[in-house]
Amino acid sequence: MARFEIPDGWTAQAYTFTLDPTPAQVRAFRSHAGGARKAHNTMLAAVKAVMNQRQAERTYGIADDELTPALGWSLPALRKQWNARKDVVAPWWAENSKEAYNSGLDALARGLDSWSKSRKGKRAGKTIGFPRFKTARSRRSVRFTTGTIRVETDRHHLTLPRLGRLHTCESTRKLARRIAAGTARILSATLSEDSAGRWHVAFQVLVHRAVEEPAHVGLGEPVVGVDVGVKADSLMVVATPDGRELDRVPAPKSLTAAQDRLRALQRRAARQHGPYDPSTKTKRRPSKRWIRQQRRIGRTHAHAAAVRRDVLHKATTALAQRHQVITVETLNASGMRSAGGSRKKGLNLALADAALAKIRRMLSYKSCWYGSTLVEADRYYPSSKTCSGCGRRKPNLTLADRTYVCEHCGLTIDRDRNAAINLARLGETQRTGDTGTGTGSSPAATDSGGDGRGATRESATTEVVNAAGDEASTRRQQSLGETGTVSSEGEAA
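All values derive from a computational prediction rather than experimental measurement. (Residues numbered from 1 in each chain as written. Predicted model: local features only at pLDDT ≥ 70, side-chain atom pairs only at ≥ 80, totals over all residues. Heavy atoms only, no water.)

Novice: So what about the overall build of the protein chain? Which residues, and what values?
Specialist: Looking only at helices and strands, the protein chain features 12 helices and 20 strands. Residues counted as buried form 44% of the 493 residues belonging to the protein chain. A total accessible area of about 25500 Å² is found for the protein chain, and carbon and sulfur atoms account for 49% of it. (Helix = DSSP H or I, 4+ residues; strand = E, 2+ residues; numbered from the N terminus. Buried < 20%, exposed > 50% of the residue type's maximum accessible area, 1.4 Å probe, protein only. Areas by Shrake-Rupley, 256 points an atom, 1.4 Å probe, with all protein chains shown as cover.)

Pasting the structure below:
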């Protein structure tokens, strides 16, 4: 059960700051991350051992009430078992904060909970596999929920339990001002390392945030539709209900631009002494040059992600500030890349490079910040197949058809612009039929075409890194502090 609900008028936000640690502090970071991994792997091995033992005993005909006692999968149960074993399996446990081991156990509890609910059909989306052991190359991350967690008054340092005072690359004034004013309270802090080797701290903060309406909000059109795509010149196409195209945001294509460099780096890494010997098919200790090469590859990926994130944040902020109603599609981004194999690897790369799912996620919380309304069209709403001139729907429209030609009225229009116009009209209908004045996001009304108007159901149902303090929020109704409180192995098996 959740520890508490977010109160009315408050929201949960993330403030992320890049750290500038000393070599000793980096070693402490890695020690904490290693402790989390050790706790996770130790208890996962214990859970699997008990499950295998109980399964073997069932084959012997032993009654259920005489089986080996099941090991609890909740966070308190795993923590209790870890405390009983830590002196033997990790005699160095006192060197790190208790929160390091709690992070690994919490991740395991959540993984077991997701697997249990997925196999019972209680969890929507793709099938979740059983938790796996974490390796030394797994993402390093530790979450602190208790102890000394604060932002220092000099606005260039922060303090974490056992790690002490840490220097940040840029000012923490955004968060410090809210804390000083009493409109923010830190709930937790997550220390993590990115692919470039940089360390970041993400504060989960409870913020009392009133709806802000900057002076330039009324300068834009009241209702717009936003069509997203993967083409270089049309990541986002913004149009009005009367057919005017307001903006066309080009796709950054940062990952595509980095392919030549990545190809050269990875080919060079393949010729070096890596962690796997193909001749003997055994693991080995990699060379220092191979490790340095992997860092170069990680920095290249991190740069591509930063460029993409910068473009998306600027575009979505402008939309949320300038328009009152914004209509977007509800895309199954992961499902669009799940099938096709090598024949559509180019499209899969373009979809991953565009990060289409992030656009709606960013607009969902920024619309709450700036007082605008986000209308989410149904996943099967035929925005691209419907003619914006006469309203007729095309039965077939391939991705290669970049120009929409209506056989009924003869309209010839850019495909993305046509979709944006249809989305804008859907948002206008939603705005006209809505008698309330609330802000936030809402699903499209079914009488406005939310049921897809007979659209072909072609797809199956299925994070902030900036030292300046970028923000991301969650919806107010979401529960915070929820940890793994799952059924025992005996119930799931």
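Moving on, there is more to tell.
Novice: Go over helix 4 (residues 173-181) with me, naming the residues and quoting the values.
Specialist: Buried within helix 4 are the following residues: Leu-175, Ala-176 and Arg-178. The arc enclosing the buried residues of helix 4, seen along the axis, measures out at 165°, which places them on a common side. For helix 4, the exposed residues lying more than 90 degrees away from the buried face are Ala-180 and Ala-181. Elements that come into contact with the buried residues of helix 4 comprise strand 2 (10-18), strand 4 (150-151), strand 7 (184-193) and strand 8 (199-208). (Arc of directions from axis to C-beta. Contact = heavy atoms within 4.5 Å.)

Novice: I'd like to hear about the sheet that holds strand 6 (residues 164-167), residue by residue, with values.
Specialist: Across the sheet, which stays open at both edges, the three strands sit in the order 4-5-6 with antiparallel pairing between neighbours. On the outer flanks of this sheet lie strand 4 and strand 6, each paired with one strand and no other. The pairing of strand 5 (residues 157-160) with strand 6 spans four bridges and is antiparallel. Among the inter-strand pairings, Leu-160 is bridged to a residue of strand 6, identified as Gly-164. (Pairing = 2+ DSSP bridges.)

Novice: Tell me about the pattern of salt bridges, and name the residues and values.
Specialist: A full pass over the atoms with the stated rule returns 19 salt bridges. With its nearest N and O atoms 3.2 Å apart, the salt bridge here joins Asp-416 to Arg-402. Here Arg-402 lies in the loop between strand 15 (373-377) and strand 16 (403-405) and Asp-416 lies in helix 11 (residues 415-433), a separation of 14 residues in the sequence. When salt bridges with common partners are traced through the structure, they connect Arg-150, Glu-152, Asp-154 and Arg-165 into a single cluster. (Salt bridge = Lys/Arg side-chain N within 4 Å of Asp/Glu carboxyl O.)

Novice: With reference to specific residues and values, describe the packing of aromatic side chains.
Specialist: With the rule as written, the count across this model stands at seven aromatic pairs. The interplanar angle of 90° and the centroid separation of 4.9 Å between the aromatic rings of Trp-115 and Phe-130 together place this pair among those described as edge-to-face. Placement of the pair is Trp-115 in helix 3 (residues 98-119) and Phe-130 in the loop between helix 3 and strand 3 (141-144), with a sequence separation of 15 residues. What makes Trp-115 buried here is its relative accessible area of 13%. Every member of this aromatic cluster is reached through a ring pair, and the members are Trp-73, Trp-115 and Phe-130. Here the basic side chain of Lys-86 rests over the ring of Trp-93, its NZ or CZ set 3.7 Å away from the ring centre. Between the NZ or CZ atom of Lys-394 and the centre of the ring of Tyr-404, over which it lies, the distance is 5.1 Å. (Phe/Tyr/Trp six-rings, centres within 6.5 Å; stacked < 30°, edge-to-face > 60°. Lys NZ or Arg CZ within 6 Å of the ring centre and 35° of its normal.)

Novice: Just give me the short version of the pairing of strand 2, but keep the residues and values in it.
Specialist: In terms of residue burial, strand 2 counts as a mostly covered element, since seven of its nine residues are buried. Note: strand 2 against strand 8, nine bridges, orientation antiparallel. The residue bridging Thr-11 from the neighbouring strand is Val-207, located in strand 8.

Novice: Any details on the pairing of strand 8? Residues and values, ideally.
Specialist: Counted residue by residue, strand 8 has seven buried out of 10 residues, so it is predominantly covered. Examined bridge by bridge, strand 7 and strand 8 share nine bridges and lie antiparallel to one another. Considered in strand 8, the bridge of Leu-191 is made with Val-201. In sequence, strand 7 turns back onto strand 8 through a hairpin of five residues, with Gly-197 there showing a positive phi of about 90°.

Novice: Can you explain the nonpolar core? Please cite residues and give values.
Specialist: Judged by nonpolar contacts, the single largest core of 27 residues is most densely connected at Val-226, Leu-235, Met-236 and Ile-326. Broken down by secondary-structure element, the contributors of at least two residues to this core are strand 9 (223-228), strand 10 (236-239), helix 7 (288-322), strand 14 (325-329), helix 9 (345-354) and helix 10 (356-370). In terms of residue count, the dominant contributor to this core is helix 10 (seven residues). Sequence-distant contacts of Met-236, defined by excluding residues within four places in its chain, comprise Val-226, Asp-227, Val-228, Asp-247, Arg-248, Val-249, Ala-315, Leu-319 and Ile-359. (Core = buried A, V, L, I, M, F, W, Y, C linked by side-chain atoms within 4.5 Å.)

Novice: I'd like to hear about the confidence of the model for the protein chain, residue by residue, with values.
Specialist: The predicted model of the protein chain averages 84 in pLDDT, with 84% of residues at 70 or higher. In the predicted structure, residues 481-493 sits below a pLDDT of 50 and forms 38 contacts with residues beyond four places in sequence or in another chain. (pLDDT = per-residue confidence, 0-100.)

Novice: Please give an account of the side chain of Asp-277 that cites residues and values.
Specialist: Along the chain, the position of Asp-277 falls in strand 12 (residues 276-277). Looking at Asp-277, its side chain comes within polar contact range of the side chain of Ser-279, at 2.7 Å. Among all residues touching Asp-277, those that are not within four sequence positions of it are Thr-282 and Arg-284. (Polar contact = N/O pair within 3.5 Å; in protein donor to acceptor, adjacent residues only side chain to side chain.)

Novice: Quick one: what's the story with the packing of helix 1 (residues 23-59) against helix 3, residue by residue and with numbers?
Specialist: Interhelical geometry of helix 1 versus helix 3 gives an angle of 40° and a closest axis separation of 7 Å. It follows from the interaxial angle that helix 1 and helix 3 lie oblique. Our pair here, helix 1 against helix 3, has a crossing hand that is right-handed. Seen from helix 1, the contacting residues are His-32, Gly-35, Ala-36, Ala-39, His-40, Met-43, Leu-44, Val-47 and Met-51; seen from helix 3, they are Ala-100, Tyr-101, Ser-103, Gly-104, Leu-105, Ala-107, Leu-108, Leu-112 and Trp-115. Per-class residue counts for the contact of helix 1 with helix 3 are 13 nonpolar, five polar and no charged. (Axes fitted to C-alpha atoms, helices over the stretch in contact; angles between N-to-C directions. Parallel < 35°, antiparallel > 145°, perpendicular 65-115°, else oblique. Left-handed = near helix turned anticlockwise from the far one by under 90°. Nonpolar A, V, L, I, M, F, W, Y, C, P; charged D, E, K, R; others polar.)

Novice: Which residues make up the state of the cysteines, and what values do they have?
Specialist: With the rule as written, the count across this model stands at zero disulfides. Cys-390 carries a free sulfur, and the closest cysteine sulfur to it, the one in Cys-406, is 3.6 Å from it. Cysteine Cys-409 shares no disulfide, and the gap to the nearest cysteine sulfur, in Cys-406, comes to 3.6 Å. Overall, the relative accessible area of 40% leaves Cys-409 in the partly exposed class. (Disulfide = S-S within 2.5 Å.)

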